Amino acid sequence: MSNWFSGLSPQLGQAKQQAEELLNRTLDRSVRLAVTGLSRSGKTVFISSLIHQLMHGLDNTRLPFFEIVGSGRLRGTKAQPQPDLHIPSFRYDLAMDALSAEPPRWPEPTSGISETRLAIRYKTNNPLLKHLTSTNTLYVDIIDYPGEWLLDLPLLDLSFEEWSAQIIEACEQEPRLHLSEKWRAFMQGIEVETASSDSELREASQLYTDFLYDCRKKEYGLTLLQPGRFTMPGDLKGAPLLEFCPLLVIPDSIPKAKDSFYQTMKRRYESYKEHVVRKFYKEHFTQFDRQIVLADVLMAFNTGYSSFADMRSAIDLVLKSFEYGKSSVFNRLFSSKIDKLLFAATKADHVTPNQLPNLERFLQLMLVEANNNAMFEGVTTDILALASIQCTEAMQAEFQGQSISCVKGISKHTGETVALFPGEVPVEIPTPEDWVDGRFQFEEFNPPALHHSSHVDLPHIRMDKALQFLLGDKFV
Ligand SMILES: Nc1nc2c(ncn2[C@@H]2O[C@H](COP(=O)(O)OP(=O)(O)O)[C@@H](O)[C@H]2O)c(=O)[nH]1
Ligand SMILES: [Mg+2]
């Protein structure tokens, strides 16, 4: 059929293309694929790699498990204008500039939502459609948003007083205890019953925000940071909607004065819930068809037990948005269209290949623990250990007369090539004692040099399996 059409005049060719576009739209061949994960979990790199793999899909030998590529049905992928003009664009161009620089760099971090659209043309294998059209197009909208925003879902169910009580309790434990010292000292000097100046309100919220940023520093590695927009503001950076903080002490009798510190903070909290949290779920989250949640499990091991435990609680909260049981917060407030959900442990190139099954088992263990036996009703889920960009090579080395498995790559800290034994991924949830001997040392690496002559060459681990799970069934 395609040969027959290729001999047509440009006008007729165009008419055919228009007819195909109409057909595609009629058949509803578009999918909104959401990518989330806490900060630094690898969202930007994952999306960049995914786009790159698809754009170079025709001569890509690295996607055997992505069926349309493996079976030769892919016809080509193009970037398209995104459908939602009010959402910032995902900057694939900037990511690729960084990755193909000399020496290669990782893309810059981002703090908000972004979107991009791909048009994937492929040969149909549907016996009915084969006669109507030679190639079909699947439009894939990829949406990148911070996992921190999902940490806010429980707020919708919490009063200002309840939320404050939770935060104060968390601040009783180290390292939050000493990190929150400045903010707490300031709050102790405040009369919450009386009216406050703008500068006092601003200072309180600024000190609380500074505290959250300190928690996030590498040496503490805390991830359960509420409200989520305080460290991941997106386009709300500097907006008054983010100028509030919890209370240190809830007074026995609630101050009624409207302009009191108490009532002002409470009002702002409620307004954040309504105009930020609820709005995000209504406008964005409920529109997603497919979702991948990325987690950097290995980095959580590096910092110590408190950071590890914190990440488990954060993942637990993130999952609340995907629990579709009848009694879940989410289900009572919104309805979701997500029918496939993939949990991925990223940066799997930090460990030796024989550890990949352990990494997957470990992620599964974290999810089951967090979730009390999954309540993802009507949603197909899977778990995968992947590396969006493989930065290391596996190799064998001799150590004290024994052969051990190592990974070799360019260390992010020294810029030198290192070969190291990264350690084993535990098959059980570790206890605090497991950190005593510095057992977990998963090194960070720089991206490999991309060879300009063969731009198709972006090594990865299991990106094809991720693509197959997330999109494979859409290519009919
Ligand atoms: N070795 C390795 N490191 C990665 C990979 N993906 C991300 N990283 C590292 O993780 C950092 C954060 O990734 P990024 O995609 O910016 O995270 P985001 O904040 O979730 O968007 C990067 O700067 C890299 O250092 C990967 O596939 N392999
Ligand atoms: Mg990012």
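Residues numbered from 1 in each chain as written. Chains lettered and ligands numbered in written order. Predicted model: local features only at pLDDT ≥ 70, side-chain atom pairs only at ≥ 80, totals over all residues. Heavy atoms only, no water.

## Quick notes on the overall build of the protein
Piece 1. Counting its secondary structure elements, the protein contains 16 helices and 10 strands.
Piece 2. At 25 Å, the protein has a C-alpha radius of gyration in line with the 23 Å of a compact globule built from 476 residues.
Piece 3. C-alpha atoms of the protein, sized along the principal axes, occupy 80 × 65 × 45 Å.
Piece 4. Looking at the 476 residues of the protein, the share that counts as buried comes to 53%.
Piece 5. Within the protein, contacts between residues separated by at least 24 positions form 78% of all contacts whose residues are at least 6 apart in sequence.
Piece 6. Carbon and sulfur atoms make up 52% of the accessible area of the protein, which totals about 22200 Å².
Piece 7. Each charge sign in the protein was given a centre, from 49 positive and 61 negative side chains, and these centres are 8 Å apart. (Helix = DSSP H or I, 4+ residues; strand = E, 2+ residues; numbered from the N terminus. Rg over C-alpha atoms; globule rule 2.2 N^0.38 Å. Buried < 20%, exposed > 50% of the residue type's maximum accessible area, 1.4 Å probe, protein only. Contact = heavy atoms within 4.5 Å. Areas by Shrake-Rupley, 256 points an atom, 1.4 Å probe, with all protein chains shown as cover. Lys, Arg positive; Asp, Glu negative; His and termini not counted. Charge placed at Lys NZ, Arg CZ, Asp CG, Glu CD.)

## Some points on the site of ligand 1
Piece 1. For ligand 1, the set of nearby residues contains 17 residues, the closest of which are R40, K43, V45, K347 and K412.
Piece 2. The contact in question runs from an oxygen atom of ligand 1 to an N or O atom on the backbone of S41, over 3.3 Å.
Piece 3. Note that a nitrogen atom of ligand 1 is positioned 2.9 Å from one of the side-chain N or O atoms of D349.
Piece 4. The protein chains hide 98% of the 570 Å² of surface that ligand 1 would expose on its own.
Piece 5. Of the residues in the shell around ligand 1, the class split is six nonpolar, six polar and five charged. (Near = heavy atom within 4 Å. Polar contact = N/O pair within 3.5 Å; in protein donor to acceptor, adjacent residues only side chain to side chain. Nonpolar A, V, L, I, M, F, W, Y, C, P; charged D, E, K, R; others polar.)

## Points about the sheet that holds strand β10 (residues 417–420)
Piece 1. Pairing is antiparallel across the open sheet formed by three strands, whose spatial order is β8-β9-β10. Each edge of the open sheet carries a strand with a single partner, namely β8 (393–399) and β10. Taken pair by pair, the neighbouring strands of this sheet meet at an average axis angle of 35 degrees, ignoring direction.
Piece 2. With seven bridges connecting them, β8 and strand β9 (residues 402–410) associate as antiparallel partners. Within β9, the residue paired with Q396 across the bridge is S405. (Pairing = 2+ DSSP bridges. Axes fitted to C-alpha atoms, helices over the stretch in contact; angles between N-to-C directions.)

## So, the coordination of the magnesium ion (ligand 2)
Piece 1. Within the first shell, the magnesium ion (ligand 2) binds the protein through T44 (OG1) and T110 (OG1), at distances of 2.1 to 2.8 Å. With T44 in helix α3 (residues 43–55) and T110 in the loop between α5 (92–99) and β3 (114–123), this pair connects stretches of sequence that are 66 residues apart.
Piece 2. In this structure T110 comes out as exposed when scored by relative accessible area, which is 52%. (Donors = N, O, S within 2.8 Å, 3.2 Å for Na, K, Ca; no water.)

## What about the packing of α3 against helix α16 (residues 463–471)?
Piece 1. Two elements in contact, α3 and α16, have axes whose closest approach is 11 Å; the angle formed by their N-to-C orientations is 85 degrees. As summarised for this structure, α3 and α16 are arranged roughly perpendicular, according to the angle between their axes. Here F46, S49, L50 and L54 of α3 lie close against α16, whose contacting residues are M463, A466 and L467.
Piece 2. Across the contact of α3 with α16, the residue classes break down as six nonpolar, one polar and no charged. (Parallel < 35°, antiparallel > 145°, perpendicular 65-115°, else oblique.)

## A short note on the packing of aromatic side chains
Piece 1. Within this structure, the stated rule accounts for 29 aromatic pairs.
Piece 2. Summarising the aromatic geometry, the rings of Y122 and F475 are spaced 5.0 Å apart at their centres and angled 85 degrees between planes, so their arrangement reads as edge-to-face. With a gap of 353 residues between them, Y122 in strand β3 and F475 in the segment after α16 connect regions that are remote in the sequence.
Piece 3. Of the residues examined, Y122 reaches a relative accessible area of 0% and is grouped as buried.
Piece 4. Measuring from ring centre to ring centre gives 5.2 Å for Y281 and F285, while their planes differ by 55 degrees; the resulting arrangement is tilted.
Piece 5. Note on Y281: relative accessible area 0%, which makes it buried.
Piece 6. What makes F285 buried here is its relative accessible area of 0%.
Piece 7. A network of ring pairs unites the aromatic residues F160, W163, W183, Y208, F211, F230, F244, Y262, Y269 and Y272 as a single cluster. (Phe/Tyr/Trp six-rings, centres within 6.5 Å; stacked < 30°, edge-to-face > 60°.)

## Let's talk about the sheet that holds strand β6 (residues 340–345)
Piece 1. A sheet is described by the order of its strands in space; here seven strands give the open sequence β2-β3-β4-β1-β5-β6-β7, paired in mixed fashion. The open sheet is flanked by β2 (74–80) and β7 (380–385), the only strands paired with a single partner. Strand-to-strand twist across the sheet, computed as the mean angle between neighbouring axes with direction ignored, equals 20 degrees.
Piece 2. Relative to β6, strand β5 (residues 290–295) runs parallel, the two sharing six bridges. Each residue of the ladder has a partner; that of V293, found in β6, is F343.

## What to know about the domain arrangement of the protein
Piece 1. By the assigned domains, the protein splits into domain 1 (27–145 + 285–390 + 452–474) and domain 2 (152–281).
Piece 2. Placing the centre of domain 1 and that of domain 2 at their C-alpha centroids yields a distance of 32 Å.
Piece 3. In this complex, domain 1 contributes 24 residues to the contact, which on the side of domain 2 involves 21 residues.
Piece 4. A buried area of about 1900 Å², summed over both sides, lies between domain 1 and domain 2, and 66% of it is on carbon and sulfur atoms.
Piece 5. Contact with domain 2 buries surface across domain 1, with S111, D310 and F334 losing the most and accounting together for 27% of the total.
Piece 6. Taken together, the links from domain 1 to domain 2 amount to one salt bridge. (Domains from an automatic or database assignment. Buried area = accessible area lost by both parts, 1.4 Å probe. Salt bridge = Lys/Arg side-chain N within 4 Å of Asp/Glu carboxyl O.)

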